[in-house]
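The residues making up each chain are set out below.
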Amino acid sequence: MAYDSKATEAKWQSAWRGRATFAARTDPAKPKYYVLEMFPYPSGKLHVGHVRNYTMGDVVARYKRAQGFNVLHPMGWDAFGLPAENAAIESGVHPKDWTYANIALMRGQLQRMGISYDWAREIATCHPDYYRHEQKMFLDFLKAGIAYRKESWVNWDPEEHTVLANEQVIDGRGWRSGAPVEKRLLSQWFLRITNYSDELLDALKTLERWPERVRLMQEKWIGRSEGARVFFALEGRADKLEVFTTRPDTLYGAAFCAISPHHPLAAELAARDPALAEFIAECNRIGTSEAAIETAEKRGYDTGIRAIHPLDPNWNLPVYVANFVLMEYGAGAIFGCPAHDQRDLEFARKYALPVKPVVRPRDAGASFAVGAEAFTDPDGVLFNSDFLNGLSVPEAKKKIIARIEALGAGEGTVAYRLRDWGVSRQRYWGCPIPVIHCGTCGIVPVPEKDLPVRLPDDVTFDRPGNPLDHHPAWKHVACPVCGAAARRETDTFDTFFESSWYFARFCSPRAATAFERADVDYWLPVDQYIGGIEHAVLHLLYSRFFTRALRDCGYLDLAEPFAGLFTQGMVCHETYKDGDGNWLFPEQVMAGAVDAHGRAVTVGRSEKMSKSKKNVVGLETIVENYGADTARLYLLSDSPPERDLEWTDAGIEGVWRYVNRLWRLATERSLPPPGTEADGDHPARRAIHRVIAAVTDDLDKFRFNRAVARIRELTNLLEDGADIPGPVLREGIEAAVRLIGPMMPHLAEEAWQALGHGTLLADEPWPTAEAALLVEDSVTVAVQVNGKLRATLQLPRDADEETASAAALALEGVTRAMAGKPARKVIVVPNRIVNLVV
RNA sequence: GCGGGCGUGGCGGAAUUGGUAGACGCAAGGGACUUAAAAUCCCUCGGCUCGAAGGAGCCGUGCCGGUUCGACUCCGGCCGCCCGCACCA
């Protein structure tokens, strides 16, 4: 009888729902385990990339449940964001309607996957019952000095009168309008994440269950560097130019100073230098993305101003405005040392500036010169540097900082790459920022009793700009302090704001406050967080900061929200474009790579599945034809979870065949009744228990693909084991069913029932391996001659070295390879290898 | 450009973390069953050389070099691809 996936999956999903099997309850008497997958943006279509993520989480949740943990496994929607507004502009549908319709669609798709979520805890961040709490948090941040206002640069589309996301700036132009983008200075809200730089950096060490690469990326992102700020006097001016450098030791190699196009000095000079103003305007056309700025051709504009070297009053340096100097880092100004910085070197070559080396390699002489490559190795000796000559780089740094401090020309300092988090967005579909601008009282927080500040529904997208801003009534309010006519803040929060605390909301999703203290104290931190590597820095760093900010405002007693992190690889797929250059969904591409009109399709490279490029594979057809379990197992079985997965349709058939084989194995053998205990050390029992131990270990380590391979090996063995005694066969089949349970829960429940059990497999404990069955008496040892495999050898376990080498020397293949020569050296690794060196 | 990662058969990958490279699967080819097909089952399957065969040998983990008795694994240099770069989420 073929396995009926559709009926079976519906049956068990309703059984779990009916018994509230996965409802989580705060119970301090039980050990808890909080499993969380990064919640999705409701784009409207659940694709295989999402499902890969959620399936991994479900395996962990079901596995930990079977191990006796009180498991919290919730799901919700990261529901504010730009695509809803784009949909409104393109097709006139309201962002709210679009979003809730998408949520309904995706919820249904997700429920058909049979993931063990506690659906009673579902949240959507666009709901006022969610965002009202973050408005309160913001007011608390404001009181605590964590939130503040400052000016910052944005990408401005002059045609659409909107701020563009970096993603929407393509080659310096607005994606929709095609108009050249300008940078504009806007007054915006910021959170002081930089107050927590050191804490966020130091605590990375404590995150033992995070991938090393993510911790490294965060460390580099925070970018703590020790250096110095140095003041250069300017010829003919009273003010000084402050620069930051990590290489004060190279000060004698300085060739120029460079300031950011946004430096106050640049603005001042541009006011009376039209050519400079034009240069700055050109820099502003690059956009705000650091990648764009860094990859743009390095250019500078000589201001004509001369800076006086702090250690030599007779030494002048030209001051350039340079497009690669960032106002946000250090002092927004640098001194350039071409010999010891590659970028400075290229700049110096371009503008014919001197390249004077001041550090040389230990083995180089005084004639050391720099060619096409700057000498950046910190292991070197100072020369051409007056009182620093002969010193190592660290010594020179110390000494020169002492000197400039004595001269009052600067001081040692620490700079961070990390910048404060700008949370203002000039958009409609986000959480309103709860402040009011009053002509007399300034910025006034919305009183707590007036929260939430709700988004108005009656908005239009038919003209450029922020709909909140041109809403006829919404922004006009009375000042809560003086009662005069005032104006609401029309900016909304960055959507990272919502995702920075949703894991806490899941602990008490219906609480009148953000969350109940007892609930977060019990459930947090998240024991296992699972999501894409693309979130390695921003979302995860913001959440770590936000948790600390909440702690400092008395919300909870916790610094790190995620005790364990697993970053899964992305699911990739080829991209397709039709004859007009529009993206196509894979199902729109016919055989022979033509579109619906018979035109040739351009097949692009494989990339991360994303809705914008339409290279997504939906699940409907797979679930329809093969069932959720088949899709789940396929997503787990082939690729290691941390690696990217190239989606192909081939292979799904193979998994479906396996599903049916397993089903037949569980239902078509005559077995002793349930409860029959197997004993003894039959080889099949040994194999069964080895697999139990290995799969348990694999699941602990997120090696789902290996776990699947092992379970398949077990079922292969059971299938052709005509000589396996009945009780052992039952033990083996039950083990296979229980081990596969977290991955294919519906099939496993059905098989468990077919095996004669009246319980839910979801309520059964995890199988344990009998230790005595795991040790083998005999081992296979590889025998090498000069490191090359020549034979293998069966030896009793833990045989001593003499026995092993004697047995090895007696082997025919070994004597042949040794060709009569004596062994000069014998290396014996017990139970593993004998290597004879001749 | 900068930061982080990855690279193993035709394909996805495994390799006890320095100790038998290719587990498990996909695809392909051959065969059995069948009137036929599907389903199922069995066999072969990194490359090359020698052998009728059992088998034997050489090469092989992106490329070049190094460390080691022994390297997919460690080190140095290169090439290619992926992720992130602060307003996509």
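So, here is what we can say about the structure in this document. Since we're looking at a predicted model, the values are computed, not measured.

Rules used in this analysis
In every chain, residue numbers begin from 1 and rise along the written sequence. Here chains are named by letter from A upward and ligands by number from 1 upward, in the order in which they appear as written. Restriction of local features to residues with pLDDT of at least 70 applies here, the model being predicted, together with a cutoff of 80 or more for giving and counting side-chain atom pairs; totals for whole chains, interfaces and linings are based on all residues. Computation of side-chain values: all heavy atoms of the structure, hydrogens and water removed. Helix numbering and strand numbering both begin at the N terminus, where a helix is a DSSP run of H or I of at least 4 residues and a strand a DSSP run of E of at least 2. Exposure classes here rest on a 1.4 Å probe applied to the protein chains alone. A residue is buried below 20% of its type maximum, exposed above 50%, and partly exposed in between. Residue contacts are counted whenever heavy atoms from the two residues lie within 4.5 Å of one another. Note on areas: these come from Shrake-Rupley sampling with a 1.4 Å probe, and a residue is covered only by the protein chains present in the view. Counted as positive: Lys and Arg. Counted as negative: Asp and Glu. His and the chain ends are not counted at all. Positions of charges follow a simple convention, taking NZ of Lys, CZ of Arg, CG of Asp or CD of Glu. Counted as salt bridges are all cases of a side-chain nitrogen of Lys or Arg within 4 Å of a carboxyl oxygen of Asp or Glu. Distance and chemistry together define a polar contact, namely a pair of N or O atoms within 3.5 Å, with one atom able to donate a hydrogen and the other to accept it when in protein, and with adjacent residues in sequence counting only for side-chain atoms on both sides. The span one expects for a helix is its residue count, reduced by one, times 1.5 Å. Residues grouped as a nonpolar core are buried Ala, Val, Leu, Ile, Met, Phe, Trp, Tyr and Cys residues, joined through side-chain atoms within 4.5 Å. To define axes, lines are fitted to C-alpha atoms, for helices over the stretch in contact only, and angles between the resulting N-to-C directions are given on a 0 to 180 degree scale. For classification purposes, an angle smaller than 35 degrees is called roughly parallel, one larger than 145 roughly antiparallel, one from 65 to 115 roughly perpendicular, and anything else oblique. For any pair of crossing helices, the crossing counts as left-handed if the nearer helix is rotated counterclockwise from the farther one by less than a right angle, and right-handed if it is rotated clockwise. Here the rule is simple: two strands pair whenever DSSP picks up at least two bridges between them. Think of it this way: a Phe, Tyr or Trp ring, Trp meaning its six-membered ring, pairs with another when their centres are within 6.5 Å, and the plane angle makes it stacked under 30 degrees, edge-to-face over 60, tilted otherwise. Whether a charge sits over a ring comes down to the Lys NZ or Arg CZ being within 6 Å of the ring centre and within 35 degrees of the ring normal. Think of it like this: strands point away, you trace from the first strand over the helix to the second, and a clockwise trace means the crossover is right-handed.

1. What to know about the overall build of chain A
Inference 1: Secondary structure summary: chain A contains 24 helices and 35 strands in total.
Inference 2: Each of the three principal axes of chain A carries a C-alpha extent, and together these read 100 × 85 × 65 Å.
Inference 3: For chain A, the proportion of its 838 residues judged to be buried stands at 56%.
Inference 4: For chain A, the proportion of contacts with a sequence separation of at least 24, taken over those separated by at least 6, is 71%.
Inference 5: For chain A, the accessible surface area stands at approximately 36000 Å², while carbon and sulfur atoms represent 51% of it.
Inference 6: Mean positive and mean negative side-chain charge positions of chain A (98 and 112 charges, respectively) differ by 1 Å.

2. Some remarks on the side chain of Asp157
Inference 1: Of note, Asp157 is situated in strand 5 (residues 147-157).
Inference 2: Buried charge without a partner: Asp157 forms no salt bridge, and the closest opposite charge is Arg176, 7.2 Å away.
Inference 3: Within the local environment of Asp157, its side chain forms a polar contact with the backbone nitrogen of Glu160, the two atoms lying 3.0 Å apart.
Inference 4: Reaching out from Asp157, the side chain makes a polar contact with the side chain of Ser177 at a distance of 2.6 Å.
Inference 5: Apart from the residues within four sequence positions on either side, Asp157 is in contact with Thr162, Leu164, Gly174, Ser177 and Ala179.

3. Description of helix 21 (residues 726-740)
One turn of an α-helix holds 3.6 residues; hence residues three or four places apart share an orientation.
Inference 1: Between its first and last C-alpha atoms helix 21 spans 21 Å; for 15 residues at 1.5 Å apiece the expected length is 21 Å, and the two agree.
Inference 2: With 13 of 15 residues buried, helix 21 lies mostly within the body of the structure.

4. What about the environment of Asp552?
Inference 1: With respect to the helices and strands, the residue Asp552 is situated in helix 15 (residues 538-552).
Inference 2: Sequence separation between Asp552 and Ile146 is 406 residues, and the spatial gap between their C-alpha atoms is 9.7 Å.

5. Quick notes on the nonpolar core
Inference 1: Core analysis: the biggest nonpolar cluster contains 171 residues, and Tyr34, Phe141, Leu191, Tyr502, Phe515, Leu524 and Met743 have the highest contact counts within it.
Inference 2: With 50 residues, the next largest nonpolar core counts Leu251, Ala270, Leu317 and Ile400 among its residues.

6. Here's the deal with the packing of helix 18 (residues 652-667) against helix 22 (residues 745-754)
Inference 1: For the pair helix 18 and helix 22, interaxial distance at closest approach is 9 Å and the crossing angle is 15 degrees. Taken together, the axis directions place helix 18 and helix 22 in an arrangement best described as roughly parallel. In the crossing of helix 18 with helix 22, the sense of the turn from one axis to the other is right-handed. For the pair formed by helix 18 and helix 22, the contact residues are Val659, Leu662, Trp663, Ala666 and Thr667 on the first element and Leu747, Glu750, Ala751 and Ala754 on the second.

7. Some points on the environment of Lys701
Inference 1: Topologically, Lys701 is positioned in the loop between helix 19 (683-700) and helix 20 (704-719).
Inference 2: Residue classification places Lys701 among the partly exposed residues on the basis of a relative accessible area of 47%.
Inference 3: Residues Lys701 and Ile622, spaced 79 residues apart in sequence, show a C-alpha to C-alpha distance of 28 Å.

8. So, the pairing of strand 33 (residues 788-796)
Look at any regular strand and the pattern is simple: side chains alternate between the two faces of the sheet.
Inference 1: Two strands pair when backbone bridges link them, and strand 32 (residues 778-785) and strand 33 are joined in this way by eight bridges, in the antiparallel orientation. Considered in strand 33, the bridge of Val781 is made with Leu793.
Inference 2: Connecting strand 32 to the next strand, strand 33, in antiparallel fashion are two residues, including Asn786 with a positive phi near 55 degrees.

9. Here's the deal with the sheet that holds strand 2 (residues 70-72)
Inference 1: If you trace the four strands from one edge of the open sheet to the other, you get 2-1-26-27, paired in parallel fashion. Taken across any chain shown, the strands that pair with only one partner, and hence form the sheet edges, are strand 2 and strand 27 (565-568). The mean inter-strand angle of the sheet, taken between neighbouring strand axes irrespective of direction, is 20 degrees.
Inference 2: Along the sheet, helix 2 (residues 48-66) contacts strand 1 (32-37), strand 2, strand 26 (528-532) and strand 27; its crossing angle with strand 1, the most-contacted strand, is approximately 175 degrees.

10. Some thoughts on the packing of helix 7 (residues 212-222) against helix 15
The axes of two packed helices give the description: the angle between them and the distance between them.
Inference 1: Contact geometry for helix 7 and helix 15: axes closest at 10 Å, N-to-C directions at 75 degrees. It follows that helix 7 is roughly perpendicular to helix 15 by the angle criterion. Facing helix 7, whose interface residues are Val214, Gln218, Trp221 and Ile222, helix 15 presents Leu538, Leu540, Leu541 and Arg544.

11. Examining the sheet that holds strand 6 (residues 162-164)
Inference 1: The four strands lie next to each other as 6-5-9-19, forming an open sheet whose pairing is antiparallel. In the strand order of this sheet, the two ends are held by strand 6 and strand 19 (421-422), each with one partner.
Inference 2: Summarising the sheet, strand 5 and strand 6 pair through three bridges and their orientation is antiparallel. Directly across from Asn155, in strand 6, lies its bridge partner Leu164.

12. Overview of the packing of aromatic side chains
Inference 1: The full count for this structure, using the stated rule, is 44 aromatic pairs.
Inference 2: When the ring of Phe138 is compared with that of Trp189, the centres are 5.4 Å apart and the planes differ by 90 degrees; the resulting orientation is edge-to-face. Here Trp189 lies in strand 9 (residues 182-191) and Phe138 lies in helix 5 (residues 128-143), a separation of 51 residues in the sequence. Pair check on accessibility: Phe138 and Trp189 agree, each one buried.
Inference 3: Ring-pair connections join several aromatic residues into one group, and the members of that group are Phe138, Phe141, Trp189, Tyr196, Trp421, Phe493, Phe496, Phe497, Tyr542, Phe545 and Phe546.
Inference 4: Cation over ring: Arg62 sits above Trp16, and NZ or CZ is 4.4 Å from the ring centre.

13. Some details on unusual backbone geometry
Inference 1: Going from Leu451 to Pro452, the amide bond is cis rather than trans, its omega being -5 degrees.
Inference 2: Looking at the secondary structure, you find Pro452 in the loop between strand 22 (442-445) and strand 23 (476-478).
Inference 3: Each neighbour pair has its own omega, and for Leu524 with Pro525 the value is 0 degrees, a cis peptide bond.
Inference 4: Along the chain, Pro525 falls in the loop between helix 14 (517-523) and strand 26.

14. Here's the deal with the pairing of strand 1
Inference 1: Burial of strand 1 is extensive: six of the six residues sit out of reach of the surface.
Inference 2: Both faces of strand 1 are covered, namely the face carrying Lys32, Tyr34 and Leu36 and the face carrying Tyr33, Val35 and Glu37.
Inference 3: Across three bridges, the pairing between strand 1 and strand 2 is parallel. Pairing of Lys32 across the sheet is with Asn70, part of strand 2.
Inference 4: You can see the chain leave strand 1, run along helix 2 and come back into strand 2, and the turn it takes is right-handed.
Inference 5: Relative to strand 26, strand 1 runs parallel, the two being bridged by three bridges. When the sheet's bridge partners are listed, Val35 is paired in strand 26 with Gln528.

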